[in-house]
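# Descriptive structure summary
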Amino acid sequence: MRRLGDRRDGTLIRDLDSMHYIMPLMYPNRCDNEAFMTIHCNLEKTEEYLKKLNAQNPDVKYNIFQLVITACLKTIRLRPQMNRFIANKNVYQRKDITAAFTVKKAFSDDGEETLARIPAEDTDTLESMHKKISQQIEFCKTSVDESTESMNFIQKLPGKHLIGAIARWADQHGWMPQSIIATDPYQCSVVLTNLGSLGMNIGYHHLMNWGTNSIFVVIGKKKRINTVDSNGKVNSRKELQLSMTIDERIADGYYYAKTLKLLKKLIENPEL
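Now for a look at the structure at hand. Not measured: the values here are computed from a predicted model.

Rules used throughout
Residues numbered from 1 in each chain as written. Predicted model: local features only at pLDDT ≥ 70, side-chain atom pairs only at ≥ 80, totals over all residues. Heavy atoms only, no water. Helix = DSSP H or I, 4+ residues; strand = E, 2+ residues; numbered from the N terminus. Rg over C-alpha atoms; globule rule 2.2 N^0.38 Å. Buried < 20%, exposed > 50% of the residue type's maximum accessible area, 1.4 Å probe, protein only. Contact = heavy atoms within 4.5 Å. Core = buried A, V, L, I, M, F, W, Y, C linked by side-chain atoms within 4.5 Å. Pairing = 2+ DSSP bridges. Axes fitted to C-alpha atoms, helices over the stretch in contact; angles between N-to-C directions. Phe/Tyr/Trp six-rings, centres within 6.5 Å; stacked < 30°, edge-to-face > 60°. Lys NZ or Arg CZ within 6 Å of the ring centre and 35° of its normal.

With that out of the way, let us pick up the overall build of the protein chain. Along the protein chain, the regular secondary structure elements total eight helices and ten strands. For a compact globule of 272 residues, the expected C-alpha radius of gyration is about 19 Å, and the protein chain comes in at 20 Å, within 12% of that figure. Based on the C-alpha atoms only, the size of the protein chain along its principal axes is roughly 60 × 45 × 35 Å. The proportion of buried residues among the 272 residues of the protein chain is 44%. Contacts in the protein chain between residues far apart in sequence, at least 24 positions, make up 69% of those at least 6 positions apart.

This is the structure in structure tokens:
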């Protein structure tokens, strides 16, 4: 039941410890509270699993990006503090779990970009998430999403500075029209970008003061890494690096450490 202080997209956290209550008052901007973290995932089991899955389903192409999205959403499901956000100096528990990413309609300098939003349910698996992601990407490449349609309309209106000021105020209070933020990635639990698909290494992406997003994940390109075991033997393995930018106000370092270990475990053991 919605109570006074709750938002359409989140429930006000009313039992915070004093430190996490004070932090948004002292440090109100999300961009001033970014924590940067990196994990290295061994792809030995992961690639073998995807290879077997694709052999069993020759008409369906599972890939590492879909797996990382699924692992991120599963991790957030199991670690609910990662699905919190701060708005108007208050801490909220998000009501749904969603991932977002940008889809480029054509790989060219002038290719248009559109926005993809993937909702997660308790019963989702890699198979069901694969269908959602594939359908959303196909829709993005052939259609215009709701948020882009609204932005196209707003672009034609006069008084852009006034519109911007009203929009920022409405965003802080959770009153933005749903049609405008329907596919806005910065209203989602986690935003991802796959730099590896462009042959690039990982970097760190900043968070936005706009919206409610508290986690940004960057996926780098696969690399072959040489390691030396305790006997001095050199072993070669394929590795995937992920970098994360997290709003440090939503949890503490201990909670983050356990969360990243879980995410790494899910990526390295995709049968989970």
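Here we take up the nonpolar core. Soluble globular proteins: nonpolar side chains tend toward being buried together. Counting residues in each nonpolar core, the largest one holds 46 residues, and the members touching the most others are Val68, Ile69, Leu192, Val217 and Leu242. Excluding anything up to four places from it in sequence, Leu242 contacts Met37, Thr38, Ile39, Val68, Ile202, Val217, Val218, Ile219, Leu263 and Ile267. Tyr186, Val191, Leu207 and Val218 belong to the second largest nonpolar core, which has six residues in total.

Turning our attention to the side chain of Gln93. Relative to the elements of secondary structure, Gln93 occurs in strand 4 (residues 90–94). Once residues within four sequence positions are removed from consideration, Gln93 is found in contact with Asp9, Gly10, Thr11, Ile13, Pro80, Asn83 and Arg84.

Taken in spatial order, the three strands make up an open sheet running 1-4-3, and their pairing is antiparallel. Both outer strands of the open sheet, strand 1 (10–12) and strand 3 (84–87), are each paired with one neighbouring strand and no more. When the angles between neighbouring strand axes are averaged without regard to direction, this sheet yields 40°. Note: strand 3 against strand 4, four bridges, orientation antiparallel. For Arg84, the partnering residue across the bridge sits in strand 4 and is Gln93.

Quick look at the packing of aromatic side chains now. Scanning the model with the defined rule gives four aromatic pairs in all. Relative to Tyr204, the ring of Phe36 lies with its centre 5.3 Å away and its plane at 70°, an arrangement referred to as edge-to-face. Here Phe36 is found in strand 2 (residues 34–42), whereas its partner Tyr204 is found in the loop between strand 7 (190–194) and strand 8 (215–219), with 168 residues between them in sequence. Owing to a relative accessible area of 47%, Phe36 belongs among the partly exposed residues under this scheme. On the numbers, 5.1 Å between centres and 65° between planes, the contact of Trp169 with Trp175 is edge-to-face. Judged by its relative accessible area of 48%, Trp169 is partly exposed. The ring of Tyr92 carries the charged tip of Arg7 above its face, separated from the ring centre by 5.5 Å. A cation over an aromatic ring shows up here: Arg79 above the ring of Tyr255, its NZ or CZ 3.9 Å from the ring centre.

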